[in-house]
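If you want the building blocks of each chain, they are given just below.
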Amino acid sequence: MVWSHHGKTSMGSTPSDEVTEVVCLESDLQDGQMKEVEVAHHKILLVRNEGKFSAVGSLCTHYGAPLIKGALVGNRVRCPWHGACFNTTTGDIEEYPGLDSLPIYKVKVEDGQVYVTANKQNLTKRVKEMSCRAPGVRHTVLLIGGGECDASPASLQCAETLRQNNYQGRVIMITKDEQLPLDKTKLSKAMNIEIEKILLRPSDFLKQHCIEVWKEKEVVFLNTEAKTIAFTDGTAQRYNQLLIATGARARAMHCPGAEMVNVKLLESYNDAAEIYKMSRGKKAVIIGTSFIGMEVAAYLSDKAASVTVVGRSKFPYQFSLGPDIGKMTMKMLEEQNVKFYMSSDVAEMRGENSRVKEIVLQNGEVLPADIVIVGIGVIPNSDFLKGSMVEVDSRNAVVVDKFMRTNIPDVFAAGDVVSFPLSIHEDKRVQIGHWQLAQAHGRVAALNMLNKQTELNSVPYFWTMLLGKSIRYAGYSEGYTEIVFKGSVDERKFIAFYIKGNEVVAAASLNFDPAVSKVAEIMATGKKITKVEAKSEDLGWLQPL
């Protein structure tokens, strides 16, 4: 008889709450295989690795993707949708997005049959055990940024990681915003969503784990010698350790008329709600073919009277995903009557009573507009560091090492505001605004605050949603020299490999799951994917094991 112990079954249930069922034969699964099974009408992921069986929840804790469709490598399964990773032995989340771990179940093998014990209650998520603040402990960690406009996933992940590792001092998240940490990725994809649906954690959860959140408090100065931060309201706060996670702000337009009231940036929940409200049945013009601009165009395509997109490049995403994918996304939106003015730029915005009425392009064309949405890139929120000793680079990003440490002891930084060494890019410095990376930064910073030396080794993973179709991306493609496609871009079912020299440095896909997650897992192990493998007719190396 072989038992696989995982501690408490399904969140510490008692035997009377449990159901044990035969789910398959031992011979049904070989090493490196997984199977979705049912116990008490609950779907469970059964995995066999190195001769041992383990069982965990079957749904990704981020957005509920079925993990059976993901990529299994060793004792780790990666979600097919957005790349979150879970340890199939412990159920713990090991890569992001998402905050929670998977429930775990007892497995027994007897007489060639596999038994799984589950709780009658259907638990889809498991919150890791967390400490709280202990009386008399004066040590304080300040996390600057944690609302809706800054790097909330970095701050929140840092706070939770501290508590998960028995930190008993004071944890304070500070944000200039009026909201608690939000899933900001939703704001450009579902602009009229209710705020309760995108809160990363409710206030009760944060209070329960002694994570303080100071809202509408803006930091104006950091004194690293005195270990204090000063606020716009004249108050100050001392710290023992500090995380800078202030994110990046949307870049504003600088042309005549850009200051008018119906020229909008998308930075907050209120911005999204206002853009949605102002665009319904109206003429919307979007400046910029960034991921944000294209998602907003797609979302408004059946809500606004007309949607027009103005972009500088020949195709959207030309310099990130390449011209072929850009051309395909353009066609997708054109089929929904979105009109594109590419290789164009705005000369001025004209209007009356402080409201834009029309956009004038540099070639003289005039576009009518009731609302203008600007998505032309971001600027790191590091202005408050002027006069401090913290090093920033020429683009105003905070410089950190692999441990998320700045040049100042006890000052760490994470998220969109940082420039950091990327392991899959020969440790060259990069600035990447991915949600998943911000969370990974926050975790690494917390562990190093606690002297648990941990390097950042995450593979960048990103997704964008257009008209119900999701393009997934993993790796870092800057400087690629060639793109190898498998499948068909025209048929909108493909994977693209970005080649630099003789190596695959990134991959993007549409309707080709879990290929990008498998590429990310291969990269995470440190293995190189060669140009020869990418060009091979046999993609067996890419299939789930």
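The structure this text deals with has already been given above.
Reference entry: report on the structure contained in this document.

### Thoughts on the side chain of Arg 472
- Turning to its location among the elements, Arg 472 is positioned in strand E34 (residues 469-475).
- For Arg 472, the side chain forms a polar contact with the main-chain oxygen of Trp 81, separated by 3.0 Å.
- Among the polar contacts made by the side chain of Arg 472, one reaches the side chain of Asp 513 at a distance of 2.8 Å.
- Among residues more than four places away in sequence, those in contact with Arg 472 are Pro 80, Trp 81, His 82, Tyr 461, Phe 462, Trp 463, Ala 507, Ala 508, Ser 509, Asp 513 and Val 516.

### A closer look at the packing of aromatic side chains
- In this structure the tally under the stated criterion is seven aromatic pairs.
- Between the aromatic rings of Phe 291 and Tyr 317, the centroid separation amounts to 4.7 Å while the plane-to-plane angle is 20°, which identifies the pairing as stacked. Of this pair, Phe 291 sits in helix H4 (residues 291-300) while Tyr 317 sits in the loop between strand E22 (306-310) and helix H5 (323-334), placing them 26 residues apart in sequence.
- Chaining the aromatic ring pairs together yields one cluster made of Phe 291, Tyr 317 and Phe 462.
- Here the guanidinium or amino end of Lys 108 rests over the ring plane of Tyr 115, the centre of that ring lying 5.0 Å away.
- Positioned over the ring face of Phe 205 is Arg 201, at 4.1 Å from the centre of the ring.

### Structural notes on the nonpolar core
- Counting residues in each nonpolar core, the largest one holds 71 residues, and the members touching the most others are Ile 229, Leu 242, Leu 243, Ile 244 and Phe 420.
- Sorting elements by how many residues they give to this core places helix H6 (residues 435-449) first, with seven residues.
- The contacts of Phe 420, once residues within four sequence positions are left out, are Val 400, Lys 428, Arg 429, Val 430, Ile 432, Leu 437, His 441 and Leu 456.
- Grouped together as the second largest cluster of nonpolar side chains are 49 residues, Val 307, Met 328, Leu 466 and Val 489 included.

### Concerning the sheet that holds strand E8 (residues 85-87)
- Across the sheet, which stays open at both edges, the four strands sit in the order E6-E7-E8-E9 with antiparallel pairing between neighbours. Taken across any chain shown, the strands that pair with only one partner, and hence form the sheet edges, are strand E6 (71-73) and strand E9 (93-95). Between one strand axis and the next, the sheet turns through 30° on average, direction left out of account.
- In this structure, E8 lies alongside E9, joined through two bridges in antiparallel fashion. When the bridges of E9 are listed, Cys 85 appears paired with Glu 95.
- Here helix H7 (residues 515-524) sits on the sheet in contact with E6, strand E7 (76-78) and E8, set at roughly 140° to E7.

### Looking at the packing of helix H1 (residues 152-164) against H6
- Contact pair H1 / H6: the axes reach a minimum separation of 7 Å and the direction vectors enclose 35°. Both H1 and H6 take part in a crossing whose hand is right-handed. For the pair H1 and H6, the contacting residues are Ser 152, Pro 153, Ala 154, Gln 157, Cys 158, Thr 161 and Leu 162 in the first and Trp 435, Ala 438, Gln 439, Gly 442, Arg 443, Ala 446, Leu 447 and Met 449 in the second.
- Within the contact of H1 with H6, the residues separate by chemical class into nine nonpolar, five polar and one charged.

### Notes on the pairing of E22
- Counted residue by residue, E22 has four buried out of five residues, so it is predominantly covered.
- Relative to E22, strand E21 (residues 283-287) runs parallel, the two being bridged by five bridges. Within the sheet, the bridge partner assigned to Ala 284 lies in E22 and is Val 307.
- At this point the chain moves from E21, through H4, to the parallel E22, and the crossover so formed is right-handed.
- Across four bridges, the pairing between E22 and strand E23 (residues 338-341) is parallel. Residue pairing in the sheet places Val 310 in a bridge with Tyr 341 of E23.

### Some remarks on the environment of Leu 437
- Among the secondary structure elements, Leu 437 is positioned in helix H6.
- Separated by 33 residues in sequence, Leu 437 and Met 404 place their C-alpha atoms 12 Å apart.
- Apart from residues lying up to four places away in sequence, Leu 437 is in contact with Phe 420, Ile 432, Ser 458 and Pro 460.

Rules used in this analysis
- Residues numbered from 1 in each chain as written.
- Predicted model: local features only at pLDDT ≥ 70, side-chain atom pairs only at ≥ 80, totals over all residues.
- Heavy atoms only, no water.
- Helix = DSSP H or I, 4+ residues; strand = E, 2+ residues; numbered from the N terminus.
- Polar contact = N/O pair within 3.5 Å; in protein donor to acceptor, adjacent residues only side chain to side chain.
- Contact = heavy atoms within 4.5 Å.
- Phe/Tyr/Trp six-rings, centres within 6.5 Å; stacked < 30°, edge-to-face > 60°.
- Lys NZ or Arg CZ within 6 Å of the ring centre and 35° of its normal.
- Core = buried A, V, L, I, M, F, W, Y, C linked by side-chain atoms within 4.5 Å.
- Buried < 20%, exposed > 50% of the residue type's maximum accessible area, 1.4 Å probe, protein only.
- Pairing = 2+ DSSP bridges.
- Axes fitted to C-alpha atoms, helices over the stretch in contact; angles between N-to-C directions.
- Left-handed = near helix turned anticlockwise from the far one by under 90°.
- Nonpolar A, V, L, I, M, F, W, Y, C, P; charged D, E, K, R; others polar.
- Right-handed = clockwise from strand over helix to strand, strands pointing away.

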